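An overview of the molecular structure
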Amino acid sequence: RGGSMLDAMKDVIGQRRFWRLAAVTLMFCGVRMTFRHLDATFPKYFTRTFGPQAPFELILCINPMVTMVATPFVTAYLLKHKVPYDQTLLVGAFLSGLSIFCLSLWESFSGAVAFVLVL
C-alpha cells in the first residue's frame, strides 16, 4: 500500500478496533498504577498519615487473602452464568483502577481497608 505516514495514521485512528485497544490500555494503566502505589508509596503514606506504629502490613495482607479465598467462588459464579472473559477482565480492571478513590473518600483505616478490598 502506498501512502504517507499521515494517511496511515488517519486510517488507524478511524478504526473502531484502535479505540477499543486504546480504552483497554488506558484502563490497565490505572490498574498498574494502583498496584504500583500499593507497593511503592502506600506504606509511606500510611505511616505518615497514621503514625510510625501504624500497621500497614496488616492492611496490605488483606488483598492476597481475599484473592485466595474469593477466586474459586467468583470463578464458579462466572462459569455458571457464562460471563465472557473479556467482559470479566474489563469490569475487574475498571473496579481495580477505581479502588484508589476509596482513600480519597475516607482518609482512615476504613478507607485503607476498603481500598485494598476493592482492589
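The rules we used
Residues numbered from 1 in each chain as written. Predicted model: local features only at pLDDT ≥ 70, side-chain atom pairs only at ≥ 80, totals over all residues. Heavy atoms only, no water. Phe/Tyr/Trp six-rings, centres within 6.5 Å; stacked < 30°, edge-to-face > 60°. Helix = DSSP H or I, 4+ residues; strand = E, 2+ residues; numbered from the N terminus. Buried < 20%, exposed > 50% of the residue type's maximum accessible area, 1.4 Å probe, protein only. Axes fitted to C-alpha atoms, helices over the stretch in contact; angles between N-to-C directions. Parallel < 35°, antiparallel > 145°, perpendicular 65-115°, else oblique. Left-handed = near helix turned anticlockwise from the far one by under 90°. Contact = heavy atoms within 4.5 Å. Nonpolar A, V, L, I, M, F, W, Y, C, P; charged D, E, K, R; others polar. Core = buried A, V, L, I, M, F, W, Y, C linked by side-chain atoms within 4.5 Å. Expected span 1.5 Å × (residues − 1). Bend = angle between axes of the 7 residues up to and from the residue. pLDDT = per-residue confidence, 0-100. Patch = residues over 30% accessible without salt bridge, like charges linked within 9 Å, V, L, I, M, F, W, Y side chains within 5 Å. Areas by Shrake-Rupley, 256 points an atom, 1.4 Å probe, with all protein chains shown as cover. Salt bridge = Lys/Arg side-chain N within 4 Å of Asp/Glu carboxyl O.

This part is about the packing of aromatic side chains. What the rule picks out here adds up to seven aromatic pairs. Centroid distance phenylalanine 46 to phenylalanine 109: 5.2 Å. Interplanar angle 80°. Geometry classified as edge-to-face. Within this pair, whereas phenylalanine 46 is found in helix H2 (residues 16-50), its partner phenylalanine 109 is found in helix H7 (residues 109-118), the two being separated by 63 residues in sequence. The exposure class assigned to phenylalanine 46 is buried, which follows from its relative accessible area of 0%. Classification of phenylalanine 109 by relative accessible area gives partly exposed; the value is 38%.

Turning our eyes to something else, we now look at the packing of H2 against helix H5 (residues 85-98). Taken N-terminus to C-terminus, the directions of H2 and H5 make an angle of 45°; their axes are 8 Å apart at the nearest point. Of the possible angle classes, the one that applies to H2 and H5 is oblique. Once H2 is placed against H5, the crossing between them reads as left-handed. Contact residues: H2 offers Val24, Met27, Phe28, Gly30, Val31 and Thr34, while H5 offers Leu89, Leu90, Ala93, Phe94, Ser96 and Gly97. In terms of residue class, the contact of H2 with H5 is made up of eight nonpolar, four polar and no charged.

Side chains that are nonpolar tend, in soluble globular proteins, to be buried together. Core analysis: the largest hydrophobic core is formed by 13 residues, its most contacted members being Leu38, Phe42, Phe46, Ile59, Ala112 and Phe115. Looking at this core, the elements with two or more residues in it are H2, helix H3 (56-60), helix H6 (101-105) and H7. When residues of this core are assigned to their parent elements, the largest contribution, four residues, is made by H7. With residues up to four places along the chain from it excluded, the contact list for alanine 112 reads Phe42, Phe46, Ile59 and Leu103.

The next point concerns the environment of phenylalanine 35. For phenylalanine 35, the location among the structural elements is in helix H2. In this structure phenylalanine 35 comes out as partly exposed when scored by relative accessible area, which is 31%. Separated by 15 residues in the primary sequence, phenylalanine 35 and arginine 20 have C-alpha atoms spaced 23 Å apart. Not counting residues up to four positions away in its chain, the partners in contact with phenylalanine 35 are Asn63 and Leu119.

On to helix H4 (residues 62-80), then. The terminal C-alpha atoms of H4 lie 27 Å apart, and with 19 residues this matches the ideal 27 Å at 1.5 Å per residue to within 8%. Along H4, the sharpest change in direction is near 45° and occurs at alanine 70; proline proline 72 comes one to four residues later. In the stretch just after H4, lysine 82 is the one whose phi turns positive, near 50°.

This next bit is on the confidence of the model for the chain. Looking at the chain, pLDDT values average 89 and 98% of them are 70 or higher. Of all helices and strands in the chain, the one with the weakest mean pLDDT is H5 (86), whereas H4 scores best (93).

With that settled, the discussion passes to a nonpolar patch on the surface. Side chains of Val66, Val91, Phe94, Leu95, Leu98, Phe101, Leu117 and Val118 sit close together on the surface and give an oily, nonpolar patch of about 680 Å² of accessible area. Counting residues per element, the nonpolar patch draws most heavily on H5, which supplies four residues. Given the relative accessible area of 37%, leucine 98 is considered partly exposed.

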